[in-house]
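Read off the chains here:
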Amino acid sequence: MPDPAPRRRRPGSRTRGCGAGALVLLGSLGLAVGAVVLALNVLTGDGGASGTCRVDLDDGTSAVLEADQADNAALFAAIGARRELPARGVTVAIATALQESKLRNIDYGDRDSVGLFQQRPSQGWGTAEQIMDPVYSTNAFYDVLVTIEGWEGKEITDAAQDVQRSAFPDAYAQHEGRGRAFASALTGYSPAALTCHLDPAEEPTGDGESPGANAAQRAASVQARLARDFGEVASAVAPGGVLVVDATSVPPGLEPSPERRAWALAQWAVATASATGADVVAVDGRAWVRDDGDEAAWVPLAEAGLPDAVARAAADAAPGAVVIA
């Protein structure tokens, strides 16, 4: 599998956190977030998807991924934003991982290849343990991509091959359409384009637990994932355990439009809901509701049938805010 191009820096060295806004962890959520962070890499493993995610673009393009695949694609987009990469870089990453691992963080492959991009410890990509960390492996991929002169203007399959050095250099082309569609939605260039159809979230069980505790755990899970994927992001927990995230604190990438960042974060939240347990995502007067199942879509707030606490938080949210519950 892939033999890397010459390395100029250690993986992750170009990752940029955002300077605006600090991650706000309120009350007892701080300890819960710490526990969730330890489990995030397990959640992005080779587990079965609980449903599917679909992107429908204005030009008629449609693309579908299983929920666990979309979850990994969301990570690529978030790290791309932190590194100020164009959406094309996310397209290259998604297309590459679809070919190499079916966009799953697998612990096996040809010879010593492992992970999302089937990187090989024997070829200098890092230890197997490092490569199995999806954040590390994504940064390792981008580290090499950005050293390739003129990669932004190359065909997607050629840019992928320059990183991967595969024995099948044209294989990445077949995944370009799905890569472009999901990259466009997850970077916010295609608002209300990505929706997921998921099984109901499993509620925590145990003596003495209350619905409020469940909501708090969901908020902690989303906050932990935000911190892992985007870095420092400003958020606060409203009454009822509803998380309100300031999308303007998300790394802007190359185009700092607040509206684009809000839709990027909202569609990231939907794409990661299979892992975080999020039930509702609301932004810009619209909401996605997990319990709608196969009918889930971005609908006006007034038609979404939101719980009172979520509806109040969404109605009171400032421009650029994303409400997640």
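Each chain has its residues counted from 1, following the order in which its sequence is written. Thresholds applied to this predicted model are a pLDDT of at least 70 for local features of residues and 80 or more for the giving and counting of side-chain atom pairs; totals over whole chains, interfaces and linings are not thresholded and use all residues. Side-chain measures here rest on the full set of heavy atoms in the structure, leaving out hydrogens and waters.

**A short note on the state of the cysteines**
Covalent bonding between the sulfur atoms of two cysteines is what defines a disulfide.
(1) Moving on: Note that a disulfide, as used here, is simply two cysteine sulfur atoms within 2.5 Å. Summed over the entire model, instances satisfying the criterion amount to 1 disulfide.
(2) Moving on: Disulfide pairing places cysteine 53 opposite cysteine 196 at an S-S distance of 1.9 Å. Across the S-S bond of cysteine 53 and cysteine 196 the torsion is about 105 degrees, and the bridge reads as right-handed. You can see cysteine 53 sitting in strand E1 (residues 51–56) and its partner cysteine 196 sitting in strand E3 (residues 194–198), a full 143 residues away along the chain. Each of the two residues, cysteine 53 as well as cysteine 196, counts as buried. The secondary structure listing takes helices from DSSP runs of H or I that are at least 4 residues long and strands from runs of E that are at least 2 residues long, numbered from the N terminus. Note on classification: 1.4 Å probe, protein chains only; a residue is buried when its accessible area is under 20% of the maximum for its type, exposed when over 50%, partly exposed between these limits.

**Examining the pattern of salt bridges**
(1) Moving on: Salt bridges are counted wherever a side-chain nitrogen of Lys or Arg sits within 4 Å of a carboxyl oxygen of Asp or Glu. What the rule picks out here adds up to 12 salt bridges.
(2) Moving on: Ionic pairing is found between arginine 104 and glutamate 66, a salt bridge with its closest N-O pair at 2.4 Å. Here arginine 104, found in the loop between helix H3 (87–101) and helix H4 (128–131), pairs with glutamate 66, found in strand E2 (residues 62–66); they are 38 residues apart in sequence, far enough to count as distant.
(3) Moving on: Looking at arginine 104, the relative accessible area reads 14%, which means it is buried.

**Examining the pairing of E1**
(1) Moving on: With burial as the criterion, only one face of E1 is covered, namely that bearing Gly51, Cys53 and Val55; the residues Thr52, Arg54 and Asp56 on the opposite face remain uncovered.
(2) Moving on: Two strands qualify as a pair provided that DSSP identifies no fewer than 2 bridges between them. Bridge analysis of E1 against E3 gives 5 bridges, and the strand direction is antiparallel. Among the inter-strand pairings, valine 55 is bridged to a residue of E3, identified as leucine 194.
(3) Moving on: For E1 and E2, the ladder comprises 5 bridges, and the chain directions are antiparallel. Each bridged residue has a counterpart across the sheet, and for aspartate 56 the counterpart in E2 is serine 62.
(4) Moving on: Counted along the chain from E1 to the antiparallel partner E2, the turn is 5 residues long, and its residue glycine 60 has a positive phi close to 95 degrees.

**Focus: the sheet that holds E1**
(1) Moving on: As summarised here, the arrangement of the 3 strands in space is E2-E1-E3, forming an open sheet in which the pairing is antiparallel. Bordering the open sheet on either side are E2 and E3, each of which pairs with just one other strand. For this sheet, the mean angle separating the axes of adjacent strands, direction not counted, is 20 degrees.
(2) Moving on: Across the sheet, helix H2 (residues 67–82) is in contact with E1, E2 and E3; its angle to E2 comes to roughly 105 degrees. Between the N-to-C directions of two axes lies an angle of 0 to 180 degrees, each axis being a line fitted to C-alpha atoms and, for a helix, fitted only over the stretch in contact. In what follows, residue pairs with any heavy atoms lying within 4.5 Å of each other are defined as contacts.

**Points about the environment of valine 237**
(1) Moving on: Tracing the backbone through its elements, the reader meets valine 237 in strand E4 (residues 235–238).
(2) Moving on: By relative accessible area, valine 237 is classed as partly exposed at 24%.
(3) Moving on: Residues valine 237 and alanine 216, 21 residues apart in the sequence, show an inter-C-alpha distance of 8.4 Å.

**Regarding the sheet that holds strand E9 (residues 321–324)**
(1) Moving on: Ordered by their spatial adjacency, 6 strands build an open sheet running E4-E5-E9-E6-E7-E8, and the pairing between neighbours is antiparallel. What marks the edges here is a single partner per strand, and that holds for E4 and strand E8 (299–300).
(2) Moving on: Of the strands in this sheet, strand E5 (242–246), strand E6 (280–283), strand E7 (286–289) and E9 touch helix H9 (residues 258–271), which is tilted by about 170 degrees from E6.
(3) Moving on: Lying over the sheet, helix H11 (residues 308–316) contacts E5, E6 and E9, oriented at roughly 20 degrees with respect to E5.

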